[in-house]
Amino acid sequence: MQNTITISQAEQRAEDYAQWFLETLPAPARPEMTFRQNSDCADPTDGGPPGRVFASLVYQVHDVPAGEVDNYFQAAQQWWTSHEFRVTNNWRSGDRSLRVENTKDSFRMALTTNDAGLMILAADSPCVWPNGRPRG
Amino acid sequence: MVSFADLRDIDPYVFRQGESAWFDMYNTIKERGYDVRRAVDKLEAWTGAAADAGKATFREHEQRFLAGADALHAAYLLLRQAGDRIGAAHARIAEGAAEVGYWSLTVAADGTITDHHSRTRYGDEAAQIRDVIAKYQPVFHAAMAEANQADAEIAAALRNLTAEAVGLAAPGGDATTTAAATAIPPRGTAPTDVKKWWDSLSPMQQESLLFTRAAELGALDGVPALARDRANRLRLTEEKSELLADQQRLLAKHRTHDEELWLKQVTDKLHGIDDIEKRLNFMAPAEAFLLAVDGQGNGRAIIASGNPDTATNVATYIPGTGANLANVGGDINRSDLMLQAAANAGSPSTAVITWVGYEAPQNVVPEAAEEQFADGAKKNLDRFQDGLRATHEGAPSHNTVLGHSYGSTVIGHAARDEGLNADELVFVGSPGVGVGNAGGLNFPTDHIYATVADHDIIHMSNIEDPHDVHGPDPAGTQFGAHVFASAPGTAGPWYTGGYSGAAHSQYWGTTNPALENMGKIIAGQVPDAH
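Everything numeric in this text was worked out from a predicted model, so none of it was measured.

**Some points on the pattern of salt bridges**
Where charged atoms from two side chains of opposite charge approach closely, those side chains can pair.
All names here are of chain B.
Here's step 1: Scanning all chains against the criterion turns up 40 salt bridges over all chains.
Here's step 2: For R383, the salt bridge goes to D221, with nearest N and O atoms at 3.5 Å. Note that R383 is positioned in helix α12 (residues 372-391) and D221 in the loop between α8 (214-218) and α9 (225-251), a separation of 162 residues in sequence.
Here's step 3: The buried category is assigned to D221, whose relative accessible area is 5%.
Here's step 4: Bridged by salt links that share partners, the residues R37, D41, R59 and E62 form one connected network.

**Brief notes about the interface of chain B and chain A**
Here's step 1: Opposite the 28 residues of chain B that make contact, chain A presents 28 residues.
Here's step 2: The junction of chain B with chain A conceals about 2,000 Å² of combined surface from both sides, 48% of it contributed by carbon and sulfur atoms.
Here's step 3: For the chain B face of the interface with chain A, the top three residues by lost area are N344(B), T510(B) and T511(B), together amounting to 30%.
Here's step 4: Where R99(A) meets E516(B), a salt bridge forms, and the shortest distance between an N and an O atom there is 2.7 Å.

**Thoughts on the state of the cysteines**
All names here are of chain A.
Here's step 1: Counted by the stated rule, this structure contains 1 disulfide over all chains.
Here's step 2: Two residues, C41 and C127, share a disulfide whose sulfurs are 1.9 Å apart. Because the sign of the S-S torsion sets the handedness, a value of about -110° for the bond joining C41 and C127 places this disulfide among the left-handed ones. Of the two residues, C41 sits in the loop between β1 (30-40) and β2 (53-62) while C127 sits in the segment after β6 (119-124), which places them 86 residues apart along the sequence.
Here's step 3: C41 gets classed as buried once you look at its relative accessible area, which sits at 6%.

**Comments concerning the confidence of the model for chain A**
Interpretation of this model should avoid reading the predicted coordinates in detail wherever pLDDT is low.
Here's step 1: In the predicted model, chain A carries a mean pLDDT of 89, and the fraction of residues at 70 or more is 95%.
Here's step 2: The least confident element of chain A is helix α2 (residues 69-81) of chain A, whose mean pLDDT is 91; the most confident is β6(A), at 96.

**Here's the deal with the nonpolar core**
Here's step 1: In terms of nonpolar packing, the biggest core is built from 86 residues, with I276(B), M338(B), L381(B), L425(B), L441(B), W508(B) and M518(B) touching the most fellow members.
Here's step 2: The contacts of M338(B), once residues within four sequence positions are left out, are Y317(B), V352(B), L402(B), W508(B), L515(B), M518(B), G519(B) and I522(B).
Here's step 3: Grouped together as the second largest cluster of nonpolar side chains are 32 residues, A14(A), A76(A), W79(A) and V128(A) included.

**Quick notes on the pairing of strand β6 (residues 350-356) of chain B**
Residue and element names in this part refer to chain B.
Here's step 1: Extensive coverage of β6 is indicated by the burial of 7 of its 7 residues.
Here's step 2: Pairing of strand β4 (residues 300-305) with β6, which is carried by 5 bridges, proceeds in the antiparallel orientation. Note that in β6 the partner of A301 across the bridge is V356.
Here's step 3: The sheet contact formed by strand β5 (residues 313-318) and β6 spans 5 bridges and is parallel. Within β6, the position partnered with Y317 by the bridge is T354.
Here's step 4: Read as a crossover between parallel neighbours, the route from β5 over helix α11 (residues 328-345) to β6 is right-handed.

**Digging into the confidence of the model for chain B**
Here's step 1: Overall, the prediction assigns chain B a mean pLDDT of 89, with 96% of residues at 70 or greater.
Here's step 2: The ipTM value of the predicted complex is 0.91, and its pTM value is 0.77.

**Brief notes about the packing of helix α2 (residues 13-41) of chain B against α9(B)**
Two measures define how a pair of helices packs: the angle their axes make with one another and the distance between the axes.
Residues and elements named next belong to chain B.
Here's step 1: For the pair α2 and α9, interaxial distance at closest approach is 9 Å and the crossing angle is 150°. Looking at the two axes, α2 sits roughly antiparallel to α9. Considering the relative orientation of α2 and α9, their crossing is right-handed. Contacts between α2 and α9 involve Y13, Q17, S20, D24 and R32 from the former and R230, S241, E242, A245, D246 and R249 from the latter.

**Observations regarding the sheet that holds strand β7 (residues 398-404) of chain B**
Here's step 1: Pairing within the open sheet is mixed, and its 8 strands lie in the order β3-β4-β6-β5-β7-β8-β9-β10 (chain B). A single partner strand is all that each edge strand has here, and the edge strands are β3 (288-294) and β10 (482-483) of chain B.

**Overview of unusual backbone geometry**
Here's step 1: For the bond running from A284(B) to P285(B), omega is 0°, close enough to zero to count as cis.
Here's step 2: Note on placement: P285(B) falls in the loop between α10 (257-280) and β3.
Here's step 3: The phi dihedral of E84(A) falls on the positive side, at around 70°, and the residue is not glycine.
Here's step 4: Topologically, E84(A) is positioned in the loop between α2 and β3 (85-87).
Here's step 5: Despite not being glycine, S405(B) has its phi angle at roughly 55°, a positive value.

**What about the sheet that holds β6(A)?**
Picture the strands of a sheet paired through backbone hydrogen bonds; they go either parallel or antiparallel.
Residues and elements named next belong to chain A.
Here's step 1: With antiparallel pairing, the 6 strands of this open sheet are ordered in space as β1-β2-β6-β5-β4-β3. The open sheet is flanked by β1 and β3, the only strands paired with a single partner. When the angles between neighbouring strand axes are averaged without regard to direction, this sheet yields 20°.
Here's step 2: Of the pairings in the sheet, the one linking strand β5 (residues 108-113) to β6 comprises 6 bridges and is antiparallel in character. Residue pairing across strands places A110 opposite A122, the latter belonging to β6.

**Focus: the side chain of S56(A)**
Here's step 1: You can see S56(A) is positioned in strand β2.
Here's step 2: Within polar-contact distance, the side chain of S56(A) engages the side chain of D124(A) at 2.9 Å.
Here's step 3: Not counting chain neighbours up to four residues away, the residues in contact with S56(A) comprise F35(A), R36(A), Q37(A), A123(A), D124(A), L337(B) and T510(B).

**Focus on the packing of α12(B) against helix α13 (residues 406-418) of chain B**
Residues and elements named next belong to chain B.
Here's step 1: At a minimum axis distance of 8 Å, the contact between α12 and α13 shows a crossing angle of 65°. As for how α12 packs across α13, the hand of that crossing is right-handed. Between α12 and α13, the residues in contact are Q372, F373, A374, D375, A377, K378, K379, L381 and D382 and Y406, T409, V410, I411, H413, A414, R416, D417 and E418, respectively.
Here's step 2: Its residues placed into classes, the contact of α12 with α13 shows 8 nonpolar, 3 polar and 7 charged.

Rules behind the numbers
- Residues numbered from 1 in each chain as written.
- Chains lettered and ligands numbered in written order.
- Predicted model: local features only at pLDDT ≥ 70, side-chain atom pairs only at ≥ 80, totals over all residues.
- Heavy atoms only, no water.
- Salt bridge = Lys/Arg side-chain N within 4 Å of Asp/Glu carboxyl O.
- Helix = DSSP H or I, 4+ residues; strand = E, 2+ residues; numbered from the N terminus.
- Buried < 20%, exposed > 50% of the residue type's maximum accessible area, 1.4 Å probe, protein only.
- Contact = heavy atoms within 4.5 Å.
- Buried area = accessible area lost by both parts, 1.4 Å probe.
- Disulfide = S-S within 2.5 Å.
- pLDDT = per-residue confidence, 0-100.
- Core = buried A, V, L, I, M, F, W, Y, C linked by side-chain atoms within 4.5 Å.
- Pairing = 2+ DSSP bridges.
- Right-handed = clockwise from strand over helix to strand, strands pointing away.
- Axes fitted to C-alpha atoms, helices over the stretch in contact; angles between N-to-C directions.
- Parallel < 35°, antiparallel > 145°, perpendicular 65-115°, else oblique.
- Left-handed = near helix turned anticlockwise from the far one by under 90°.
- Polar contact = N/O pair within 3.5 Å; in protein donor to acceptor, adjacent residues only side chain to side chain.
- Nonpolar A, V, L, I, M, F, W, Y, C, P; charged D, E, K, R; others polar.

Structure, rendered in structure tokens:
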């Protein structure tokens, strides 16, 4: 089993990826962090090594003008694909669900909207050992 | 009266366990007394005749709490004394008890040693036995005398610690004592009847029952979540004390293989209780309510993230194989993730309940292939869902029951055989739900949802075999459920056909469409199929 980054580093990197993207959003978009949690990586029955965790966070982005939503998705797709992320769903212009994964460290991001038009940005780290070293 | 066999076989740690429980109660009651004192102190600005009378009444309650705490502390000290004195007598006879056992001598209840085989003993052996008896007889008699004296003195002192003796007895007909003696509806009573019974009690009676009968009330479907939570928080403290005492007792001795396993189980359960305590003390993403806890067997726990009696949307999450008290922290995390997903979908208020209210299979082979765990759980789940309806305030909530892996099988059996009271059923990574198609679930098929990740190893259990005890995959095309999208998950190696255990656990990533879709269903919306 290999060493990983620690869970604190995973939290920080997820936050950094979210912030780098959120800073590209033009006014009047107003991001609000609504959720942050570290979760167990696996079921006891999944056969993988127990003890790993992953970091998650969610931002709700308020005040995005309805007419600008498509532009926000386009900009997100362009920004991510030029910053070492690859698109993992069959996103096409007009879709309201864009999912990407970092080609270097496997962090995942998702930009979606709900039925009311609220934009949501989510990030998950890959599974890591809490202190970076496999549990002995 | 203590017999020689009693003294020889007693485990002195039972007194330490008792001590610890009484000390916890002493602390709890003392703190309640101080709570009353602090509350009255804050009423400084309230003056006048009514204020004086009210404050005097509360001061009296404070004094009764503190007097009760003193009595509990006295019980703690007496048990400690019993442990010391009887433990010392036990230690005193240990060497002799082993020696007389070696020579097959008989020891009467009062400690008198007799050799029933004296006719067959000759020469040196007879002399050795005479020496053994001469050496240990006075030791045994002295130890028995001390043990019996300690037993009599401590029993008499404990008998004096009655409510009457320490001035805590309520007058006859007092509402609190009447309530404490009230018959509580047995588990299995229809939750609507439980709710009617609960509502018929006065606030004083309810308070008294919460304090005196917490274990029974905490497990009773139909008691409102706020009350149930208070009862179970008391129960949690007791469970933790008992487990800590077990842990200390096991750590202090040379352990057999079985005792090593037991120690690990106890330590793991304490870890689960720590996770519950952390969640109860944390208000995000919503206040948590403890709806059940029980350390017996693999351990059970039911924790609501959000108040199910007031939330617009209420989901019950049933985890599968491996679910138990020790692992409940990870399942609570998943409930919190679903709560956030429902909020993202626009749910105005949500409660997601982690329901480890059953004895789940603890391994894939052979237990997860058996139906007995689902059959053992179905009535409990059915009654729990009825209880959510009975205690909900205002308009009925929109209720979802969602199961992962074997948890989905539990839901299937409950729906098929009991008629589950819910609005939506959701199956995630399911090995089968006990029926051949959605029509067998005794539930509107338009409100049955399922998903399975492309790489989920659960596919390997969903073979097309008429003898497959759990039936087909509910996310299969022939089953008749609405199938919603999930990320494919981590691919496994070629020799597993690309399936992986990791993909069986990845549905709760915030970037996984499966979680987003679960949130939509909980919020009463239609999930995305792709």
